[in-house]
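Coordinate inspection notes
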Amino acid sequence: MSQTFILRDYQTQAVEAALKHFRQGDDPAVIVLPTGAGKSLVIAELSRLAKGRVICLAHVKELVEQNHGKFLATGSAAGIFSAGLFSAGLGQKNSTAKTVFASIQSLSANLDAFHTPASLIIIDECHRVGMDESGQYHKTITHFRTLNPKVKILGLTATPYRLGSGWIYQQHYHGYTRPCADSFFKKCIFELPLQHMVKKAYLTPPIHYDAAIAHYDFSLLTESLDGEQNTDDIALNELIHKYPRVTKAVTEQILQLSQNRQGVMIFAATIDHAQEICGYLPAEQTALITGTTKIKQRDALIAAFKAKKIKYLVNVSVLTTGFDAPHVDVIAILRPTQSISLFQQIVGRGLRLSPGKKDCLVLDYTNNGYNIFQPEIGEKKPTQDSVAVQIICPQCNFANVFWGRKDSAGNILEHFGRRCHGLIEAPDDAASPEVPNGPKYETQCTYRFRFKHCPHCNQENDIAARQCQHCSKKLIDPDDILRRALNLKNNKVLRCAAITPQIIWADKCLKITYHDEDGLTLSETFRFNYKNSRQSFNDLFARRIANGSQSLQFNTLEELEKFLPYLPAPDFVIAKKQKHHWQVTERIFDYEGPYRKANELG
Ligand SMILES: [Zn+2]
Ligand SMILES: [Zn+2]
């Protein structure tokens, strides 16, 4: 069997990673490849190598067709006879071929037609498995698992993270964990960064043009309860109409900057918005595609765009995936993009190689400040000025990437990481003894950068934990502590804006004075010649210096002295009235909740 296609280095690596993983076990695995990396070739090669039947699933007919086409094009002579399509949209229902390329809708509605077991199920755009509300993927997987409990499941995606639904896998082969306990996929076994693709000239370089004439400030959008930006059309239209001149100015700039360009894709926020944009563009060279565009018309418009009969293609949330027009050399983003992955996916539409194309102009009018090559952090940007920072774990040395803030010189001012994402080998007793030669049992590093102490066992827990993970006792919610203290006459709650630490050498103690915004103070002392007092200082303050990125402990005041300016301030301090003074009883750090913190607007 001759193979006329030569896989690129990383495609071979991806295939090998899958083979190696499935030789060791049956856990569903994910391969992350950026848009344009040639996923369909990886799929074709794996399908060719698989001994048993392969079912290859995708959610749109274009992808089903594309994957099938690539499989045939790889030249495996038997392919033509052994590969089949199962998709109502493509008018074909071949359920018996060795490799079936199927649309998930058609296949899950016709499971009865599939009664021979499969050895491998490949899911393209597999981030949809978790978002699959009607359960088509789960129904299908359950069906094939009944036929063969050991069926291997491999997902491919360019976007393993989505705001709202989160990470789609739990462990990464580079040795770290993702905070998602119940994702369907267990492990990411291969990932290729976009940067590698550009560096090796598999993609054209993006030129990030800082337009800066005008922006939409999508950060003004209110957030719904699940932390997703409220991106419904009404809110978006309101926001866009707040800036009546922005759309016109932005469109004029796009026109001007695209003069010598071949194909321009414009991502609009709403249909109203898109129509307004189209109004400023030359009508005979412009097309608009939205979710309500009829399929026939959509296909015709896309064909005209690919043939360069239309230069400007405006769309509203339909062309982010499964659309491929290599000549596109301008991407204009006028819609909110809630995650870096989504931003990169949109930019990816313009990075395909094409004759006469040197680069792709990226015009970002959204003020997101996203970097095309930045790794996904997997959390919403906590502040407008947040950037990705690298924080080394003092316990396992893993290089975490968290959101953080830097000063103008590039020094890290703070970071927002909570727990180390490093993967470490679990202690022996945690390994499953029944598989002595199985893969090593790996677990997430226990180091926490931000934490709250359990009042019962003094162990550290996540700042949002409701129950101690060590002793299982209930942790008191900081809001309850605050509410209670505010209601008690002999309690005082200080909204702490700053602290003044002062060593009193004569008494071998450290005095910490807490200040609120109005100049009120509370204070307490830690006596360093008493072990308990010293420990309590270390637990409260030393452990939190530089957001826990150092893990410091001090045994003497001399050691502590030079670190005094770096002691962290709590958000709230609670004190109880004694006979002659106020006794500090609680210091609440890393507070997240409804009560206003110092230096925050009310
Ligand atoms: Zn660690
Ligand atoms: Zn506890």
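I will try to describe carefully the structure that is included in this document. (Residues numbered from 1 in each chain as written. Chains lettered and ligands numbered in written order. Predicted model: local features only at pLDDT ≥ 70, side-chain atom pairs only at ≥ 80, totals over all residues.)

Along its length, the protein carries 16 helices and 30 strands. Counting only C-alpha atoms, the protein reaches 90 × 70 × 40 Å along its principal axes. Across the 602 residues in the protein, those meeting the buried criterion constitute 38%. Within the protein, contacts between residues separated by at least 24 positions form 63% of all contacts whose residues are at least 6 apart in sequence. (Helix = DSSP H or I, 4+ residues; strand = E, 2+ residues; numbered from the N terminus. Buried ≥ 20, exposed ≤ 12 C-beta atoms within 10 Å, placed from the backbone. Contact = placed C-beta atoms within 7 Å.)

Moving on to the packing of helix α2 (residues 39-49) against helix α3 (residues 61-73). For the pair α2 and α3, the least separation of the axes is 8 Å and the interaxial angle reads 60°. When the axis of α2 is compared with that of α3, the two are oblique. Relative to α3, α2 is oriented so that their crossing is right-handed. Residues Ser-40, Leu-41, Ile-43, Ala-44 and Ser-47 of α2 lie in contact with α3, whose contacting residues are Gln-66, Asn-67, Lys-70 and Phe-71. Per-class residue counts for the contact of α2 with α3 are 4 nonpolar, 4 polar and 1 charged. (Axes fitted to C-alpha atoms, helices over the stretch in contact; angles between N-to-C directions. Parallel < 35°, antiparallel > 145°, perpendicular 65-115°, else oblique. Left-handed = near helix turned anticlockwise from the far one by under 90°. Nonpolar A, V, L, I, M, F, W, Y, C, P; charged D, E, K, R; others polar.)

What follows is about the sheet that holds strand β19 (residues 387-392). On the basis of which strands lie adjacent, the open sheet formed by 3 strands has the order β19-β20-β21 and antiparallel pairing. Every interior strand has two partners, whereas the edge strands, β19 and β21 (412-415), have only one. On average, each strand axis in the sheet is tilted by 55° relative to the strand beside it, whichever way the strands run. By the bridge criterion, 6 bridges tie β19 to strand β20 (residues 399-406) in an arrangement that is antiparallel. When the bridges of β20 are listed, Ala-388 appears paired with Trp-403. (Pairing = 2+ DSSP bridges.)

Following the sequence through the fold, Leu-486 ends up in helix α14 (residues 478-487). Judged by the 12 C-beta atoms lying within 10 Å of it, Leu-486 is exposed. Residues Leu-486 and Ile-574 lie 88 residues apart in sequence; the distance between their C-alpha atoms is 9.1 Å.

Moving on: the sheet that holds strand β29 (residues 572-577). Pairing is antiparallel in the open sheet, where 5 strands are placed in the order β28-β27-β26-β29-β30. Each of the sheet's edge strands pairs with one partner strand only, and the pair in question is β28 (521-527) and β30 (582-588). Shown here is a sheet whose adjacent strand axes are inclined to one another by a mean of 40°, direction ignored. The sheet contact formed by strand β26 (residues 491-504) and β29 spans 5 bridges and is antiparallel.

It is the contact of helix α1 (residues 9-24) with α2, at a shortest axis distance of 10 Å, that shows an interaxial angle of 45°. It follows from the interaxial angle that α1 and α2 lie oblique. Considering only the axes of α1 and α2, their crossing is right-handed. For the pair α1 and α2, contact is made by Gln-11, Ala-14, Val-15 and Ala-18 and by Leu-41, Val-42, Glu-45 and Leu-46, respectively. The residue inventory of the contact of α1 with α2, partitioned by class, reads 6 nonpolar, 1 polar and 1 charged.

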